[in-house]
Amino acid sequence: MSRPLKIMLVAAEASGDALGAGLAGALKARLGADVVFVGIGGPRMAEQGVESPFDIAELSVLGWIEGLKAYGIVRRRVADTVALGAAEKPDAVVLIDSWGFTIRVAKALRTVLPGVPLIKYVGPQVWASRPGRAKTLAAAVDHLLALYAFDAPWFEREGLATTVVGSQALHVDMSGADPAAFRAERGIAAGAPLLVVLPGSRPSEIRLMTPVYEAAIARLKAADPALEIVVVAAGTVAADVTGRVATWPFRAHVVGEDQKYAAMRAATVALATSGTVSTELALAGAPTVIAYRFQPLSYAIMKPFFTGKYATLFNHAADEEIARELIQNDATPEKVAAEVGRLLGDPEARRTQAECQAAALDLMGREGRDPSEIAAEAVLRVIAGKAGR
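Residues numbered from 1 in each chain as written. Predicted model: local features only at pLDDT ≥ 70, side-chain atom pairs only at ≥ 80, totals over all residues. Heavy atoms only, no water.

Colleague: What should I look at first to understand the overall build of the chain in this one?
Modeller: Scanning the chain from terminus to terminus reveals 17 helices and 12 strands. Over its C-alpha atoms the chain spans a radius of gyration of 21 Å, differing by no more than 12% from the 21 Å that the globule rule assigns to 389 residues. Principal-axis analysis of the C-alpha atoms places the extent of the chain at approximately 65 × 45 × 35 Å. Accessible surface, the chain: about 16200 Å² in total, of which carbon and sulfur atoms supply 54%. With 41 positive and 42 negative side-chain charges, the chain shows a spacing of 6 Å between the two charge centroids. (Helix = DSSP H or I, 4+ residues; strand = E, 2+ residues; numbered from the N terminus. Rg over C-alpha atoms; globule rule 2.2 N^0.38 Å. Areas by Shrake-Rupley, 256 points an atom, 1.4 Å probe, with all protein chains shown as cover. Lys, Arg positive; Asp, Glu negative; His and termini not counted. Charge placed at Lys NZ, Arg CZ, Asp CG, Glu CD.)

As structure tokens, then:
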């Protein structure tokens, strides 16, 4: 009897952990006991059988300066990941999101596993910054699993075979998320204004954004003491978020990711650190304000490389600032409070924005099959193609 297919999955952040878990689940649904997994991941991938040799939370860094500070640990973890690949000799390696980490792993694995197909799941957002990364990726991997149709041409022009699988965020089933029950469980009246805050999933995001959000919410609470606050804590930073919110001088309900969708559906307005979560908020029908800060020196270094008009995916798809983006120097407590307050005080503006967000999701391709299933098919197709050479 032939041995099971061995696939190595590598994810370095919470969003990648979710994608890796979905892909592993889809592969198991197709192959059953004929597939096994090794690699790097978080708790969700662990549930699918990926036993990570280290905690991926230490790799959640963003920005050039933060990256330089973490260079030592990143280099060691790259070496650990490559050593795991060399020891396990998988039939394919899927490198998920996390550009800085996974491109280093890809280049090293190409040397130690020259015949093994390397697949990148989620390409860098070259439409927003540093388009040269498309050529770099094309030289490092064999195939790209892209989330959106507007990603593909950038990489195909460089000769990288690309499969558009769609975004899992566009296929989230929120039917079981009960906004009324969510409010009732926390003593939040059905008609009370509710601001849901999603501060991010990286330690650097929590450190930079929670003080801004605290000060902005203090202004909003002063204007309307009846305003209720819910903060969603991503699993990788839950303890940090909970500790910081506990010191806020007003009440805020902290909930885990298991309550995220109910919170989103219950929200009057959402305030989010830029990322995939913006797509989920649009799917939930929550009018959203986006904010983001980098370390000042990192931003000064990175700013010339930003070529896109918008940071938020549905804004990019619509080519319009549907959700207000407050980036770096605009991400002040005063401006955040003003934008959130504008939506809280204007039901018509909330309705219009929610409708426009939903229309942008259609442009992003929310209709279609489950992305994990399409990704699983593509991975197996790449493996079969390599084996047939």
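Colleague: Teacher, can you tell me more about the pattern of salt bridges here?
Modeller: A side chain of one charge can pair with a side chain of the opposite charge when the charged atoms of the two come close. Under the criterion given, the structure shown has 22 salt bridges. Between Glu 185 and Arg 186 there is a salt bridge, with its nearest N and O atoms 3.3 Å apart. A residue is classified by how much of its surface remains accessible, and Arg 186, at 18% relative accessible area, is buried. Of the charged contacts in the structure, one is a salt bridge between Arg 369 and Glu 377, with a shortest N-O distance of 2.7 Å. (Salt bridge = Lys/Arg side-chain N within 4 Å of Asp/Glu carboxyl O. Buried < 20%, exposed > 50% of the residue type's maximum accessible area, 1.4 Å probe, protein only.)

Colleague: Looking at this model, I keep getting lost on the packing of helix 9 (residues 203–223) against helix 15 (residues 333–344). Mind explaining?
Modeller: The description of two packed helices rests on the angle between their axes and on the distance between the axes. Running from N to C, helix 9 and helix 15 cross one another at 50 degrees; their axes reach a closest spacing of 8 Å. Judged by the inter-axis angle, helix 9 sits oblique to helix 15. Note that helix 9 runs across helix 15; the crossing there is right-handed. Within the contact between the two elements, helix 9 uses Val 212, Ala 215, Ala 216, Arg 219 and Leu 220 and helix 15 uses Pro 333, Glu 334, Val 336, Ala 337, Val 340, Gly 341 and Leu 344. (Axes fitted to C-alpha atoms, helices over the stretch in contact; angles between N-to-C directions. Parallel < 35°, antiparallel > 145°, perpendicular 65-115°, else oblique. Left-handed = near helix turned anticlockwise from the far one by under 90°. Contact = heavy atoms within 4.5 Å.)

Colleague: In this structure, what is going on with the nonpolar core? I would like to understand it.
Modeller: Nonpolar side chains tend toward joint burial in soluble globular proteins. By size, the foremost hydrophobic cluster in this structure holds 65 residues, and its most contacted members are Ile 7, Leu 9, Leu 23, Val 94 and Tyr 121. Not counting the four nearest positions on each side in its chain, Leu 23 is found in contact with Leu 9, Val 94, Tyr 121, Ser 372, Ala 375, Ala 376 and Val 379. Counting residues in hydrophobic clusters, the runner-up holds 34 residues, among them Val 38, Ile 56, Leu 109 and Val 141. (Core = buried A, V, L, I, M, F, W, Y, C linked by side-chain atoms within 4.5 Å.)

Colleague: Would you mind showing me how to read the sheet that holds strand 8 (residues 228–232) here?
Modeller: Hydrogen bonds between backbone groups are what pair the strands of a sheet, and the pairing can be parallel or antiparallel. The parallel open sheet is built from 6 strands, whose spatial order is 9-8-7-10-11-12. Both outer strands of the open sheet, strand 9 (253–255) and strand 12 (325–327), are each paired with one neighbouring strand and no more. Across the sheet, the mean angle from the axis of one strand to that of its neighbour is 20 degrees, orientation sign disregarded. Where strand 7 (residues 194–198) and strand 8 come together, 4 bridges link them in parallel fashion. (Pairing = 2+ DSSP bridges.)

Colleague: I would appreciate a short explanation of unusual backbone geometry in the present structure.
Modeller: Glycine aside, residues mostly have negative phi angles, and peptide bonds mostly take the trans form. The phi dihedral of Lys 89 is positive, around 45 degrees, even though this residue is not glycine. Structurally, Lys 89 is set in the loop between helix 4 (71–88) and strand 3 (92–96). With relative accessibility at 56%, the residue Lys 89 sits in the exposed group. Even without glycine at this site, Asp 319 takes up a positive phi of about 55 degrees. By the element assignment, Asp 319 lies in the loop between helix 14 (313–318) and strand 12.

Colleague: Sorry, what's going on with helix 12 (residues 277–284) here?
Modeller: Because an α-helix packs 3.6 residues into every turn, residues spaced three or four apart end up facing the same way. For helix 12, the tally of buried residues reaches 7 of 8 residues, placing the bulk of the element in the interior. Taken as a whole, helix 12 has its buried residues at Val 277, Ser 278, Thr 279, Glu 280, Leu 281, Ala 282 and Ala 284. Looking at the buried side of helix 12, the elements it contacts are strand 7, helix 11 (260–266), strand 10 (269–273), strand 11 (288–292), helix 14 and helix 16 (347–364). Positioned one or two residues after helix 12, Gly 285 has a phi angle of 80 degrees, which is positive.

Colleague: I would appreciate a short explanation of the side chain of Arg 202 in the present structure.
Modeller: Here Arg 202 is to be found in the loop between strand 7 and helix 9. Judged by its relative accessible area of 18%, Arg 202 falls in the buried class. A polar side-chain atom of Arg 202 sits 2.5 Å from a polar atom in the side chain of Glu 13. (Polar contact = N/O pair within 3.5 Å; in protein donor to acceptor, adjacent residues only side chain to side chain.)

Colleague: Would you mind showing me how to read the packing of aromatic side chains here?
Modeller: Here a ring pair, both rings aromatic, is described through the centre-centre distance and the interplanar angle of the planes. Applying the stated criterion across every chain yields a total of 4 aromatic pairs. Measuring from centroid to centroid gives 5.2 Å for Tyr 148 and Phe 150, while their planes differ by 15 degrees, and the two rings are stacked. It is Arg 157 that lies over the ring of Trp 154; its NZ or CZ is 5.2 Å from the centre. Of note, Arg 186 hangs over the ring of Phe 182, and the distance from its end group to the ring centre comes to 4.0 Å. (Phe/Tyr/Trp six-rings, centres within 6.5 Å; stacked < 30°, edge-to-face > 60°. Lys NZ or Arg CZ within 6 Å of the ring centre and 35° of its normal.)

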